[in-house]
Amino acid sequence: MAAARGLLVTGLNALRVGTCLQGARRGCVPARSYSSAAGSHEDKLKSRQAEMMARGLPKQKPIPGVKHVVVVASGKGGVGKSTTAVNLALGLAASDHVKAVGLLDADVYGPSIPRMMNLKGNPEVSDRNLMIPLVNYGIQCMSMGFLVEETAPVVWRGLMVMSAIERLLRQVDWGELDYLVIDMPPGTGDVQLSISQNIPVSGAVIVSTPQDIALLDARRGAEMFHKVNVPVLGLVQNMSVFRCPKCDHQTHIFGEDGAKQLAATMGLDILGDIPLHINIRETCDLGKPVVVSNPESSEAKAYVAIALEIIKRISK
Ligand SMILES: Nc1ncnc2c1ncn2[C@@H]1O[C@H](COP(=O)(O)OP(=O)(O)OP(=O)(O)O)[C@@H](O)[C@H]1O
Ligand SMILES: [Mg+2]
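- An unreviewed UniProt entry lists the protein chain under the name Iron-sulfur cluster transfer protein NUBPL, with Engystomops pustulosus given as the organism.
- The Function (unreviewed entry) field of the UniProt record for the protein chain holds the comment "Iron-sulfur cluster transfer protein involved in the assembly of the mitochondrial membrane respiratory chain NADH dehydrogenase (Complex I). May deliver one or more Fe-S clusters to complex I subunits."
- UniProt, in the comment section headed Subcellular location (unreviewed entry), describes the protein chain in these words: "Mitochondrion".

See below:
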């Protein structure tokens, strides 16, 4: 076995060429194909156009051994996607019906999973030249943070990021997983599109705070998944309420029920509410997420309830 850092660099160079060639191939569609269709019936033209469009999109290929992929996303940064993804992965693993869960950190520029899952190191590479995930709390994890130094800035152009994502999706030996949870970077850009178009995704979980500005971005996120035919399982309303540990008074710091209203206007469901709680922040910073470090707390139970809801919705 060898360590994975070298593999990433060589692979990135190879993939850069591969990606360019793929683009060139796409560009090679002869113009006459359009013109021959143009003279025929409107329906024929439409189906021809759809065919051409489909040719330009990457083919969706499942990740071997992975039954269900769940992406945790939001258009906005800092709303709690990674915290939610980590605790949901642990919540899924806590279910009696789930044997194995993986967690993929798709945030190449700002990976959070190594710290939140208390993992460090360079993954080994298997005989089949696949990276072997690092494991903690029974969850198999893969992150760009294992492949670059923690303090090293990732100064990459979009194409290199796409190549890295492709490698994180395809060049990891996940074994047999019931669920692979993907922690998405903020936004609705290349990474989100590329993942949705390259692998079959069972569902997207959209995280938002109840605040107007976060909701606008959450809406963009949900609409992007609709456009690429990824089912949106529902919204998680994060930081919904703050309960003062001294006097027990409840404050809706980011507003009240904003995500519920958004869900209603978009015909989506709320999967659950997560309170704004110091335990959630502290345990994640310590690399001991609340679902494993304090499973009897109401915060942990809120995550587990959402995980069960996800299982229910996907098995439908
Ligand atoms: N429910 C919560 N209660 C308390 N703190 C929380 C809660 N959810 C998230 N946090 C804290 O908020 C901060 C941002 O959370 P997190 O990193 O999960 O957001 P993110 O959406 O993944 O951010 P980014 O867009 O940068 O990837 C972290 O410090 C985290 O510990
Ligand atoms: Mg994050």
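### Considering the overall build of the protein chain
Here is step 1 of the chain: Within the protein chain one finds 12 helices and 11 strands.
Here is step 2 of the chain: Here the protein chain holds 316 residues, and 40% of them are scored as buried.
Here is step 3 of the chain: In the protein chain, 79% of the contacts between residues at least 6 apart in sequence involve partners at least 24 apart.

### Describing the site of ligand 1
Here is step 1 of the chain: The full set close to ligand 1 counts 19 residues, and Gly77, Gly80, Ser82, Thr83 and Arg281 are the nearest of them.
Here is step 2 of the chain: When grouped by side-chain class, the residues that make up the shell around ligand 1 number 7 nonpolar, 9 polar and 3 charged.

### Digging into the packing of helix α8 (residues 212-227) against helix α9 (residues 258-266)
Here is step 1 of the chain: Two elements in contact, α8 and α9, have axes whose closest approach is 10 Å; the angle formed by their N-to-C orientations is 35 degrees. Taken as a pair, α8 and α9 cross one another with a handedness that is right-handed. Facing α8, whose interface residues are Asp212, Leu215, Ala218, Arg219 and Ala222, α9 presents Gly258, Ala259, Leu262 and Met266.

### Observations regarding the pairing of strand β7 (residues 177-183)
Here is step 1 of the chain: Taking burial as the measure, the 7 residues of β7 include 6 buried ones, the bulk of the element.
Here is step 2 of the chain: Sheet topology note: the strand β2 (residues 66-73)/β7 ladder contains 6 bridges and is parallel. Counted as the bridge partner of Val70 is Val181 from β7.

### Structural notes on α8
Here is step 1 of the chain: Over its 16 residues, α8 extends 23 Å from the first C-alpha to the last, a length consistent with the 22 Å expected when each residue adds 1.5 Å.
Here is step 2 of the chain: All buried positions along α8 are accounted for by Ala214, Leu215, Asp217, Ala218, Gly221, Ala222, Met224 and Phe225.
Here is step 3 of the chain: In this fold, the buried residues of α8 make contact with β2, α7 (190-198), β8 (203-208), β9 (232-243) and α9.
Here is step 4 of the chain: In the stretch just after α8, Asn229 is the one whose phi turns positive, near 60 degrees.

### A look at the nonpolar core
Here is step 1 of the chain: In terms of nonpolar packing, the biggest core is built from 80 residues, with Val72, Ala89 and Val181 touching the most fellow members.
Here is step 2 of the chain: By residue number, the principal contributor to this core is helix α4 (residues 81-94), which donates 7 residues.
Here is step 3 of the chain: Ignoring any residue separated from it by four or fewer positions in sequence, one finds Val181 in contact with Val70, Val72, Ala85, Leu88, Ala89, Leu92, Val101 and Leu103.

Analysis parameters
Residues numbered from 1 in each chain as written. Chains lettered and ligands numbered in written order. Predicted model: local features only at pLDDT ≥ 70, side-chain atom pairs only at ≥ 80, totals over all residues. UniProt positions renumbered as here; feature names shortened; annotations may be inferred. Helix = DSSP H or I, 4+ residues; strand = E, 2+ residues; numbered from the N terminus. Buried ≥ 20, exposed ≤ 12 C-beta atoms within 10 Å, placed from the backbone. Contact = placed C-beta atoms within 7 Å. Near = placed C-beta within 6 Å. Nonpolar A, V, L, I, M, F, W, Y, C, P; charged D, E, K, R; others polar. Axes fitted to C-alpha atoms, helices over the stretch in contact; angles between N-to-C directions. Left-handed = near helix turned anticlockwise from the far one by under 90°. Pairing = 2+ DSSP bridges. Expected span 1.5 Å × (residues − 1). Core = buried A, V, L, I, M, F, W, Y, C linked by C-beta atoms within 7 Å.

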